[in-house]
Amino acid sequence: MTLVGIIMGSTSDWETMRHAAETLDALGIAHEARVVSAHRTPQRLYDYATGAADRGLKVIVAGAGGAAHLPGMAAAMTHLPVLGVPVESKALKGMDSLLSIAQMPGGIPVGTLAIGKAGAINAGLLAAAILAIGDEALADRLKAWRAAQTDSVAELPA
Ligand code: RP5
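None of these values were measured; they are calculated from a predicted model.

**Here's the deal with the packing of helix α5 (residues 117-132) against helix α6 (residues 136-151)**
Axes are the key here: two packed helices are described by the angle between their axes and the distance separating the axes.
Then, in step 1: The geometry of α5 relative to α6 is characterised by a closest axis approach of 8 Å and an angle of 145 degrees between their N-to-C directions. Our pair here, α5 against α6, has a crossing hand that is left-handed. From α5, Ala128, Ala129, Leu131 and Ala132 reach across to α6, where they touch Leu138, Ala139 and Leu142.
Then, in step 2: Class assignment for the residues of the contact of α5 with α6 results in seven nonpolar, no polar and no charged.

**So, the site of the ligand**
Then, in step 1: All residues in the neighbourhood of the ligand are listed as Gly9, Ser10, Ser12, Asp13, Ser37, His39, Ala64, Gly65, Gly66 and Val87.
Then, in step 2: Split by residue class, the shell around the ligand holds two nonpolar, seven polar and one charged.

**Quick notes on helix α4 (residues 95-102)**
Then, in step 1: Inspection of α4 places Ser97, Leu98, Ser100 and Ile101 among the buried residues, and these make up the whole buried set.
Then, in step 2: Where α4 is buried, its residues meet β3 (59-65), α3 (70-76), β4 (82-87) and β5 (111-112).

About the cut-offs
- Residues numbered from 1 in each chain as written.
- Predicted model: local features only at pLDDT ≥ 70, side-chain atom pairs only at ≥ 80, totals over all residues.
- Axes fitted to C-alpha atoms, helices over the stretch in contact; angles between N-to-C directions.
- Helix = DSSP H or I, 4+ residues; strand = E, 2+ residues; numbered from the N terminus.
- Left-handed = near helix turned anticlockwise from the far one by under 90°.
- Contact = placed C-beta atoms within 7 Å.
- Nonpolar A, V, L, I, M, F, W, Y, C, P; charged D, E, K, R; others polar.
- Near = placed C-beta within 6 Å.
- Buried ≥ 20, exposed ≤ 12 C-beta atoms within 10 Å, placed from the backbone.

This is the structure we're talking about:
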């Protein structure tokens, strides 16, 4: 069953958002990826966000750049946790994306991650941690992933 929905405002966001997908793959979490633009395809966003919980999704990871309304608008239309990834924009290096995703009004939360690749990876990990609350096998996989990361860190710089 697909548990995580990864949505993004443009195909150009995939280069960033694929890191969320790859992280979920590494943890064995079923997911889907869709291009859903708040501005260019508002009806697609409405349909996706309002139908997400009924389709069995548990977490939404939403990435967008610039005037990045996608995570906030998705969060407005579902009670599922929405994790926002600010995609690095050309003009403002993602500061616009970061602020428009983070500065939600009280009442409609979006869990905002870092700009770019790190944020996408961490959105995948945070989605995994949320799902692991009710899934012991996944919790074990997540702990193993983190242990492997720890083991991979060299003690000497070269
Ligand atoms: C946003 O505009 C998208 O999320 C993307 O980051 C940005 C640029 O989109 P394209 O012009 O590359 O389609 O809606």
